[in-house]
Amino acid sequence: MIPSVLPTYNRAPLAFERGEGSWLTTTDGSRYLDLGAGIAVNALGHAHPDLVAVLTEQAGKLWHVSNLYQIPEQQKLADLLVENTFADTVFVTNSGTEAAELAIKMARKYWYDKGQPDRIEILTFDGAFHGRSTGAIAAAGSEKMVKGYGPLMPGFKTLPFGDHEALRAAVTEKTAAVMVEPIQGEGGIRALPDACLKGMRDLCDQTGALLILDEVQCGVGRSGKLFAHEWAGITPDIMMVAKGIGGGFPLGAVLATENAASGMIAGSHGSTYGGNPLGCAVGAKVLEIIADPAFMAEVNRKAALFRQGLESLVASHPDIYEAVRGEGLMLGLKCAAVNSDVVKANYAQNLLTVPAADNVIRLLPALNIPDADIAEALSRLDKAATSLAAT
Ligand SMILES: *Cc1c(COP(=O)(O)O)cnc(C)c1O
């Protein structure tokens, strides 16, 4: 008999009822150290007092109004994003998938309005993840995600990740945009080298193609910069954001330059819930905290500390781990053992880690994880690796 919850996930036998900082407590009272943060969502940990305060205050005032009206909290969030990034304009969504949909629509509308309606192709990369809508699975193109769901939305071409020559050869007069994650999350914490991102920007500048960055997982402070593309010193034309921006509240956004957004006029896109006062009030607070240079300096200090410990972990357990990957607090361990076994061994140490493709486990802690919790995490990872080696 089919379970009452549609069985699209292989769930661990863990149910949590409380969270505080980097710790989660199960319904039967066990405490787990959380290095998953709801897959890079709880950027400020669980139950951050400032977020609880802003959410409950807004909950007492107004939850939802239609985008038929001005929404001051949405205006505040958009202004903050514009102040702190390349963007001139922002559309607020409820998720990363919705952000992907708008990014795709915006790129096509741009060329349509420029009188080039055949310029519809979007170049994407293997290992990519852009969400689960029909458009987003067509964009990522992986067999696992698209099988059985055809016919797929046409107009995407998947190229080898990080292969600049393949990209150069693939850009034609039909190319509307290039869409890429600066650091792949689901794909196995694979960072695009800065030189690659710069090369993509140059290629887009030469051909007019729009550069769409998917920073749903690597954005909002995760990489050690507010947005990961800042490491390469370039800016995109369109950027998708979600996950960390809501700190746990469902929230996403599409950021764009005035030029890239030029096709988007009244009636060209919309959302019932996107930009609601509750989500935007929380998002604005998250951004205020994370965009502070002092906060980001701490993220980088913690990241260096964690990374150093992980390098020693890998060195002490070559039969379990091969290498450390990633930037900032978007870290991955390439496993020599089977990654799902490593995740299970970590569960046995009351430690939450997240598997990814390419036999990697992801470490995506809260960006404000205390140093003591980093030390505790390293000790539990070490115990788990030792226990796994003994089996
Ligand atoms: C999670 C993710 C998405 C999809 O976001 P949802 O909020 O799950 O719809 C898109 N792109 C990337 C890079 C992601 O990590």
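Above this note sits the structure.
Residues numbered from 1 in each chain as written. Predicted model: local features only at pLDDT ≥ 70, side-chain atom pairs only at ≥ 80, totals over all residues. Heavy atoms only, no water.

Engineer: Hey, could you run me through the packing of aromatic side chains in this one?
Structural biologist: Two descriptors summarise a pair of aromatic rings, namely the distance from one centre to the other and the angle between the planes of the rings. A complete count under the given rule lists two aromatic pairs for this structure. Residues Phe 16 and Tyr 32 carry aromatic rings whose centres are separated by 5.7 Å and whose planes lie at 80° to one another, so their mutual orientation is edge-to-face. Placement of the pair is Phe 16 in strand S1 (residues 16-20) and Tyr 32 in strand S3 (residues 31-34), with a sequence separation of 16 residues. Taking the relative accessible area as the measure of exposure, Phe 16 reaches 31% and is therefore partly exposed. When the ring of Tyr 110 is compared with that of Trp 111, the centres are 4.9 Å apart and the planes differ by 90°; the resulting orientation is edge-to-face. Note on Trp 111: relative accessible area 5%, which makes it buried. Over the aromatic face of Trp 23 sits the side chain of Arg 31, whose NZ or CZ is 4.4 Å from the ring centroid. Looking at Arg 108, its charged tip hangs above the ring of Phe 156, at a distance of 5.7 Å from the centre. (Phe/Tyr/Trp six-rings, centres within 6.5 Å; stacked < 30°, edge-to-face > 60°. Helix = DSSP H or I, 4+ residues; strand = E, 2+ residues; numbered from the N terminus. Buried < 20%, exposed > 50% of the residue type's maximum accessible area, 1.4 Å probe, protein only. Lys NZ or Arg CZ within 6 Å of the ring centre and 35° of its normal.)

Engineer: Help me understand unusual backbone geometry, please; the structure alone is not making it clear to me.
Structural biologist: Trans is the prevailing form of peptide bonds, just as negative phi is the prevailing case for residues other than glycine. Cis geometry is adopted by the peptide bond preceding Pro 151, which originates at Gly 150 and carries an omega value of -5°. For Pro 151, the position within the fold is in the loop between helix H6 (143-146) and strand S6 (156-159). One non-glycine residue with positive phi stands out, namely Ile 189, at about 50°. Its identity is not glycine, yet Asn 359 carries a phi of approximately 55°, on the positive side. Considering the arrangement of structural elements, one finds Asn 359 in the loop between strand S16 (354-356) and strand S17 (360-363). Asn 359 sits in the partly exposed class, given a relative accessible area of 24%.

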